[in-house]
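Geometric and topological summary
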Amino acid sequence: MNCGSLTKSLTLNGCKASIAQISNEIVIMNFDDIDKSGCDVDENVLAELVLKSGKQAYRYVSARNAFESSTSLNSGTYVNTFKHQILGRIFLRTQEVKDQLIALSNAKVVVIVKNLDTANDETVYEVFGWDSGMVMSDLTQASTDGDGVLYSFTVATDDSSTESQLPLSFYAGSLAETETAIEALIASDTEVADGSDGTIKEVD
């Protein structure tokens, strides 16, 4: 089977400069909380994301330019795979933030990002870590940081469980419907506990 056959001609630039950055908000969820059997993925586009009963996603909001996303190719002996990565910077030190960083250090997560380049509605939102999830690969705190960054963390594809493709586009038929679907995943104004078993949890 040849998985590398090209099928389309492409235009690779637009009439105005593209924007590489992502929003200062990400949506993060535990990998095991996703009900893959109920999700709708077609040709690398996620049309519906379903969580298991009683589970929810969480919104992380930080400063402008605080989050970065990246994807790289792992050139393998038999098959090529991809590494997904999200870098986050934190400017607020509270016990709740610290507790969640501890939970994140033991968790496997999937992250939805919003691209600031909105030229194409279908690719405004992308999902990182869909195949295998991502784990924390770095956490840094330094009192000498000149930009006021209190913590920086990275979640990335683990070397033992890579991704088969670029981050999925999340598009539910229109941009408005996609944003409605994302909001439905998030627990509004829900406090979160430390999740010492490596999950992000709702407080009882």
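Residues numbered from 1 in each chain as written. Predicted model: local features only at pLDDT ≥ 70, side-chain atom pairs only at ≥ 80, totals over all residues. Heavy atoms only, no water.

**Describing the overall build of the protein chain**
In terms of helices and strands, the protein chain carries two helices and 13 strands. Every one of the 204 residues in the protein chain was classed for burial, and the buried ones make up 37%. Considering only residue pairs separated by 6 or more positions, the protein chain has 68% of its internal contacts joining residues 24 or more positions apart. On the protein chain, roughly 12100 Å² of surface is accessible, and the fraction owed to carbon and sulfur atoms is 46%. (Helix = DSSP H or I, 4+ residues; strand = E, 2+ residues; numbered from the N terminus. Buried < 20%, exposed > 50% of the residue type's maximum accessible area, 1.4 Å probe, protein only. Contact = heavy atoms within 4.5 Å. Areas by Shrake-Rupley, 256 points an atom, 1.4 Å probe, with all protein chains shown as cover.)

**Structural notes on the environment of Ala-172**
Position of Ala-172 relative to the elements: it lies in the loop between strand 11 (168–170) and helix 2 (175–185). We classify Ala-172 as partly exposed; its relative accessible area is 24%. Remark: the alpha-carbon pair of Ala-172 and Val-45, spanning 127 residues in sequence, is separated by 9.0 Å. Aside from chain neighbours lying at most four places away, what touches Ala-172 is Ala-47, Glu-177 and Thr-178.

**Considering the packing of aromatic side chains**
A complete count under the given rule lists zero aromatic pairs for this structure. The aromatic ring of Trp-130 is capped on one face by Lys-36, whose charged end is 4.6 Å from the ring centroid. Stacked on the ring of Phe-31, the Lys or Arg Lys-108 has its end atom at 5.6 Å from the ring centre. (Phe/Tyr/Trp six-rings, centres within 6.5 Å; stacked < 30°, edge-to-face > 60°. Lys NZ or Arg CZ within 6 Å of the ring centre and 35° of its normal.)

**Here we look at the side chain of Glu-163**
Following the sequence through the fold, Glu-163 ends up in the loop between strand 10 (151–156) and strand 11. Of the side chains with opposite charge, Lys-36 lies nearest to the buried Glu-163, which makes no salt bridge, at 7.5 Å. For Glu-163, the side chain forms a polar contact with the main-chain nitrogen of Ser-132, separated by 2.9 Å. Apart from residues lying up to four places away in sequence, Glu-163 is in contact with Thr-81, Phe-82, His-84, Gly-129, Trp-130, Asp-131, Ser-132, Gly-133 and Thr-157. (Lys, Arg positive; Asp, Glu negative; His and termini not counted. Salt bridge = Lys/Arg side-chain N within 4 Å of Asp/Glu carboxyl O. Polar contact = N/O pair within 3.5 Å; in protein donor to acceptor, adjacent residues only side chain to side chain.)

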